[in-house]
Amino acid sequence: MTLLPLAVRSLWNRRATAGLTILSIAISVALLLSVRQFSEQARSAFASTISGTDLIVGARSGDINLLLYSVFHLGSATNNVSWPFYERLAKHRQVAWAIPLSLGDSHRGFRVLGTNDDYYRHYRFGDDRKIEFAAGRAPADLYDAVIGAEVARTLGYKAGEQIVIAHGAGSTSFAEHADKPFTVVGVIAPTGTPIDRTVHVSLAAIQAIHLDWQSGMPAPKGQRVSAQDARQQDLTPDSVTAILIGLKSKIDTFQIQRSINEYRGEPLLAILPGVTLQNLWSIVGNVEVALLAVGLLVTAAGLVCLLVAILASLNERRREMAILRSVGARPAHIFALLVSEAVGVAALGMLVGVLCTYLALAIARPLVQHTYGLLLQWPAWSLTDLAILCGFLTAATLAGAIPAWQAYRRSLADGLTIRL
Amino acid sequence: MIELNDVRFSWSGGEPLLAIASLQVARGERVFMHGPSGSGKSTLLGLLGGVLEPQRGSVRIDGFELSAVKRSLRDRFRAEHIGFIFQMFNLIPYLSVLDNVALPARFSEQRRKRAADISGSLYDEARRLLAAVGLDPTVYADRQATQLSQGQQQRVAAARALFGRPQLIIADEPTSSLDADTRERFITLLSSECRASEATLIFVSHDASLRSQFDRQIALADINSAARLETAA
Ligand SMILES: Nc1ncnc2c1ncn2[C@@H]1O[C@H](COP(=O)(O)OP(=O)(O)OP(=O)(O)O)[C@@H](O)[C@H]1O
Ligand SMILES: [Mg+2]
C-alpha cells in the first residue's frame, strides 16, 4: 500500500514534536558514535606511540613499568643498564641498531632525554613515521638541546633559546644545573606521542652536567667543573636508563629477548613494546568500556524519547485511526503506519547524528591539533559502528511497535466509532 | 443488496442490544434509519460495515456473507464496497482536501480503478466529486482539511464516501453538527449523488424530521426485537 506518503505527511504535520524527537535521537547517536570514534582513535594513537622497535631493555622490574618510563616518560627507573652492556648489544651481530635512553632530569616539568644520533635515525612511531624537525636540526654540540612540539608551544621556545636543566623529574626542583646552560637548536614536528613533551640532549651532555654531582647534590663550590672544562673530560656514561633495539631479523626477537632476560651479568628485562602496549591498554581500556556504556545508555534514553513522543500523540490521533479504518485501512495498516513513522524518525535522527559526529569532529580537529598536536582522523566506520546503527534501527522498530500495537488493539476495539 | 437474517448482537458481556429477525434493503434504495440516542444505530452500521461481528445470524451485502469470513476479508470488503460518512471530524487533518477525497484509493484497488475509469485520473475524479458536492476544486483542492467549515468538511466527507463508486454509502448522523439550512442542502446533495452513482444509501439520524427526503424510512425500534424484549421485561 502507499502508506509511506501518509506517514511522511503525518510527521510533517507534527514537525515541531518530530523535529525535537529527531534532535534528541541525533544527539544520543552522535554521542555514542563520538565516544566510539574517540576510543578507537585513542586506542590507535596509543598503539602507535612507538613502532619499529623490536625490544626495549631496562633494569629488571615490571614490564609495564619499563614501558611507562622508557616510552611514555612516566615514573622512573629503579635501576640502570650498564654502559658495557649497551656497547655489547650495539655491536651484537643480530642487532641492527640500539638507541640508548637516559632519563632522570627535567626542564620546567618536561622530561629531559639523553640519547644519541641513532635516536633521530632509527626511532619510529605511528605508521612508520620518523622524527622530523619543524625547525632547526639534531644536537651537534655538547650543550645543544632539541625540544618537542608541545614544549616549544607551551614555553614559547624557538631555536636559539637558552635553557637550564633541573635535576630530578619534578617541576619544582630547586637543584638546577645552572652552570651548564643549553641552547635549543631544533624543534621536532608534532608527533602526537610523548616526544612532543620531551627535551632531548646528547648522552654526553647528561654525563657532563652530572660530572661534579655526588649523590644528587651539587659539589661544593671549589670542586665544581665548569661547562668548558667538562668538554675536556671523558663523557662516556656509566649506565643508561633503557635501550631500544631494532633487530636485523624479526625472527630473532624471542631468542634475543630470552637471552637478555636470562643474562647473568646484571638483572635485565627485555619487553616487546607491542605486547606490553596491549597489556597496558587492557588496563586503560576499562575507561573505554565505561564511556561506551554511557553512550549506549544515552542512546537508550533517545529511544525512550521517541517512544514517549509517539505514545503521547496516540490519543489525539485516535480519530485519525478511525477515519483511516473507515476508508479501508486494516489494523495492520495502522500498525505499519505507526511503526514506519517511528522508524522514519529514528532513521532521520540517526542520519543527523552521523552528520553531527562529522561536524563535531570538523570543529574539534583544528582545536585538538592546535592544543595537543594530535591530528584527529576522520571517522573510520567499522563493522561495529554499522552493527550499532543497525541495532539502533532495530531497537527503534521494536520501540515503535509498542505504540503501534496499542493503536492496533484500540482500532479493533473502537471500530469505526470516532471518539474525542 | 443488504440482507440481515436473525441477527443478534450484544457488546461484550452486556445485554442483547440488537435482535433483528430480518432486514432487506434493495440496490439503489435510499434508506433513512432513525431511533433515539443509544438505541444501537451506530452499532447496526458497524455490523453492516463488517467492523463488528454478530453473535448470531447472517449479514449479507451484495451477496457477500460478511458474518462468515475472517476479519481481514471483511476489512477488504469494506474498503472496496462501502463509503462512510460520520457525524463530524471526518477528515485527516494533515492531508489536503484533494488527498482526503482520494484517500480510499490508497486502500482499495477496485475503487482506484473505477475512479480512474470515470475521470481519467484519481485526482481528476476527486476534483469532479468536489465540484459535485459544491466545492470549487480550484479554490479548495489544495487547502488543508482543517481550514474548512463544518459544513464544507461534511461535503468533502461525502465526496470521499462516493469516491470510486462504492455500492453502499453509510452515513452516521452526518448532519447533526450542521445548521438546518446546510443540513437540507447536504441531504439533497448526498441523495442526488447516490442516485447518480447508483449507490445504496443508509442514512442514520435521531432527527425524524429528515425522513421525507428518502425512499424509505425505518425506525430501528420496529425491526429490533431486543428493545421490545427489554421494554417488556
Ligand atoms: N464500543 C462499545 N463498547 C461497549 N458498548 C458500546 C460501545 N459502543 C456503543 N456501546 C453501547 O451500545 C449502545 C448503543 O450504542 P450506539 O452507539 O449504537 O447508539 P446510537 O443509536 O448510535 O446512539 P446515538 O444516536 O447517540 O449515536 C449504547 O448503550 C452504548 O453504550
Ligand atoms: Mg450513533
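Residues numbered from 1 in each chain as written. Chains lettered and ligands numbered in written order. Predicted model: local features only at pLDDT ≥ 70, side-chain atom pairs only at ≥ 80, totals over all residues. Heavy atoms only, no water.

- The name given to chain B in an unreviewed UniProt entry is ABC transporter ATP-binding protein, with the source organism recorded as Steroidobacter gossypii.

- The name an unreviewed UniProt entry gives chain A is ABC transporter permease, with Steroidobacter gossypii as the organism.
- UniProt, in the comment section headed Subcellular location (unreviewed entry), describes chain A in these words: "Cell membrane". (UniProt positions renumbered as here; feature names shortened; annotations may be inferred.)

Some words on the interface of chain A and chain B
Here is step 1 of the chain: Each partner contributes residues to the interface: chain A has 28 residues there, and chain B has 22 residues.
Here is step 2 of the chain: Between chain A and chain B, roughly 2,500 Å² of surface is buried when both sides are summed, and carbon and sulfur atoms account for 62% of that area.
Here is step 3 of the chain: Across the contact surface, chain A and chain B share two salt bridges.
Here is step 4 of the chain: The partner of Arg325(A) in a salt bridge is Asp75(B), with the nearest N and O atoms 3.1 Å apart.
Here is step 5 of the chain: On inspection of chain A and its partner chain B, the count reaches five residue pairs in polar contact (both at pLDDT 80 or more).
Here is step 6 of the chain: For the side of chain A that touches chain B, the secondary-structure elements that each account for two or more residues are helix H1 (4–13), helix H11 (318–326), helix H12 (331–372) and helix H13 (383–414) of chain A.
Here is step 7 of the chain: Ranked by residues supplied to the side of chain A that touches chain B, first place goes to H11(A) with six residues.
Here is step 8 of the chain: Split by residue class, the side of chain A that touches chain B holds 15 nonpolar, seven polar and six charged. (Contact = heavy atoms within 4.5 Å. Buried area = accessible area lost by both parts, 1.4 Å probe. Salt bridge = Lys/Arg side-chain N within 4 Å of Asp/Glu carboxyl O. Polar contact = N/O pair within 3.5 Å; in protein donor to acceptor, adjacent residues only side chain to side chain. Helix = DSSP H or I, 4+ residues; strand = E, 2+ residues; numbered from the N terminus. Nonpolar A, V, L, I, M, F, W, Y, C, P; charged D, E, K, R; others polar.)

Regarding the pattern of salt bridges
Here is step 1 of the chain: A full pass over the atoms with the stated rule returns 26 salt bridges over all chains.
Here is step 2 of the chain: Close ionic contact of Asp99(B) with Arg9(A) constitutes a salt bridge, the shortest N to O distance being 2.2 Å. In this pair, Asp99(B) is assigned in helix H3 (residues 97–101) and Arg9(A) in helix H1, connecting two distinct chains.
Here is step 3 of the chain: Owing to a relative accessible area of 7%, Asp99(B) belongs among the buried residues under this scheme.
Here is step 4 of the chain: Two residues, Glu109(B) and Lys113(B), come together in a salt bridge whose shortest N-O distance is 3.9 Å. With a gap of four residues between them, Glu109(B) and Lys113(B) both fall in helix H4 (residues 109–119), about one helical turn apart.
Here is step 5 of the chain: Given the relative accessible area of 39%, Glu109(B) is considered partly exposed.
Here is step 6 of the chain: Sharing partners across several salt bridges, the network here consists of Arg14(A), Arg317(A), Glu320(A) and Glu341(A). (Buried < 20%, exposed > 50% of the residue type's maximum accessible area, 1.4 Å probe, protein only.)

Observations concerning the sheet that holds strand E3 (residues 30–34) of chain B
All names here are of chain B.
Here is step 1 of the chain: Reading across from one edge, E6-E7-E8-E3-E9 is the order of the five strands in this open sheet, with parallel pairing throughout. What marks the edges here is a single partner per strand, and that holds for strand E6 (82–85) and strand E9 (216–219). Taken over all neighbouring pairs, the strand axes of this sheet differ in orientation by 15° on average, direction set aside.
Here is step 2 of the chain: Alignment of strand E7 (residues 168–172) against strand E8 (residues 200–205), held across five bridges, turns out to be parallel. Of the residues in E8, the one forming a bridge with Leu 168 is Thr 200.
Here is step 3 of the chain: Docked against the sheet, helix H2 (residues 71–81) engages E6 and E7, running at close to 80° with respect to E6. (Pairing = 2+ DSSP bridges. Axes fitted to C-alpha atoms, helices over the stretch in contact; angles between N-to-C directions.)

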